[in-house]
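Listed below, chain by chain, are the residues.
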Amino acid sequence: MAWVLLVVAGLLEVGWAVGMKFTDGFTRLWPSVFTGAGIVASMLLLSYAARSLPIGTAYGVWVGIGAAGAAVLGMAVLGEPVTASRIFFIVLLLVAVVGLKATSGH
C-alpha cells in the first residue's frame, strides 16, 4: 500500500508543479488554491508512505516521478522544447526511480 500512496503522491507532485505555471506567482486565486491543495496532499501521502519505506527511497521516487512527469507534461502540453537530450535524461530519471524501488528491500 505504501508504494501506491507514493506513486499517487508523485503524480500529485506533477500536478502541483505544473499548476504553479498557472498561478502567476500565486496571484490567481483558483489555480493557487488547487496548486496549494496538491502540495499539501502530495506531502501528506509522501509522509504516510515514508512510515514504512526508507525515507531516501520514498523521497527519491517521489521527486523522480514529479520531475519526470513535469518535464513530460511541459513538453507535451506547455510547448517546452522536445530534444533527444531531454528525453534521454527523463528516461535516466525513470531508470533511477526503478532502481531505487528495486533496491529498497520492500
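Calculation criteria
Residues numbered from 1 in each chain as written. Predicted model: local features only at pLDDT ≥ 70, side-chain atom pairs only at ≥ 80, totals over all residues. Heavy atoms only, no water. Helix = DSSP H or I, 4+ residues; strand = E, 2+ residues; numbered from the N terminus. Buried < 20%, exposed > 50% of the residue type's maximum accessible area, 1.4 Å probe, protein only. Contact = heavy atoms within 4.5 Å. Phe/Tyr/Trp six-rings, centres within 6.5 Å; stacked < 30°, edge-to-face > 60°. Lys NZ or Arg CZ within 6 Å of the ring centre and 35° of its normal. UniProt positions renumbered as here; feature names shortened; annotations may be inferred. Patch = residues over 30% accessible without salt bridge, like charges linked within 9 Å, V, L, I, M, F, W, Y side chains within 5 Å. Areas by Shrake-Rupley, 256 points an atom, 1.4 Å probe, with all protein chains shown as cover. Salt bridge = Lys/Arg side-chain N within 4 Å of Asp/Glu carboxyl O. Axes fitted to C-alpha atoms, helices over the stretch in contact; angles between N-to-C directions. Parallel < 35°, antiparallel > 145°, perpendicular 65-115°, else oblique. Left-handed = near helix turned anticlockwise from the far one by under 90°.

Take unusual backbone geometry next. Peptide bonds are mostly trans, and most non-glycine residues show a negative phi. Even without being glycine, Asp24 reaches a positive phi, approximately 50°. Mapped onto the elements, Asp24 comes out in the loop between helix H1 (2-23) and helix H2 (29-49). Residue Phe26 is not a glycine yet carries a positive backbone phi of 60°. Relative to the helices and strands, Phe26 resides in the loop between H1 and H2. Under the relative-accessibility criterion, Phe26 is labelled partly exposed at 45%.

Further remarks concern the side chain of Thr23. Locating Thr23 in the fold gives a position in helix H1. With relative accessibility at 1%, the residue Thr23 sits in the buried group. With residues up to four places along the chain from it excluded, the contact list for Thr23 reads Arg28, Pro31, Ser32 and Thr35.

Let us now look at the packing of aromatic side chains. The full count for this structure, using the stated rule, is 3 aromatic pairs. Ring geometry for Phe88 and Phe89: centres 5.0 Å apart, planes at 75°, overall edge-to-face. We classify Phe88 as partly exposed; its relative accessible area is 48%. Sitting over the face of the ring of Trp3, Lys101 holds its NZ or CZ atom 4.8 Å from the ring centroid.

Below, the discussion takes up the UniProt feature "transmembrane region" (unreviewed entry) in the chain. Look at the UniProt record and you will see "transmembrane region" (unreviewed entry) annotated at residues 33-50, 57-78 and 84-103. Taken end to end, residues 57-78 has its terminal C-alpha atoms 30 Å apart, with 91% of it in helix and 0% in strand.

Turning our eyes to something else, we now look at a nonpolar patch on the surface. Side chains of Leu29, Trp30, Val33 and Phe34 sit close together on the surface and give an oily, nonpolar patch of about 470 Å² of accessible area. Summarising the element assignment, Leu29 is placed in helix H2.

At a minimum axis separation of 8 Å, H1 and helix H3 (residues 55-76) run at an interaxial angle of 40°. It follows from the interaxial angle that H1 and H3 lie oblique. Both H1 and H3 take part in a crossing whose hand is right-handed. Here Trp3, Leu6, Val7, Ala9, Gly10, Leu11, Glu13, Val14, Ala17 and Val18 of H1 come into contact with H3, specifically with Thr57, Ala58, Val61, Trp62, Val63, Ile65, Gly66, Gly69, Ala70 and Leu73.

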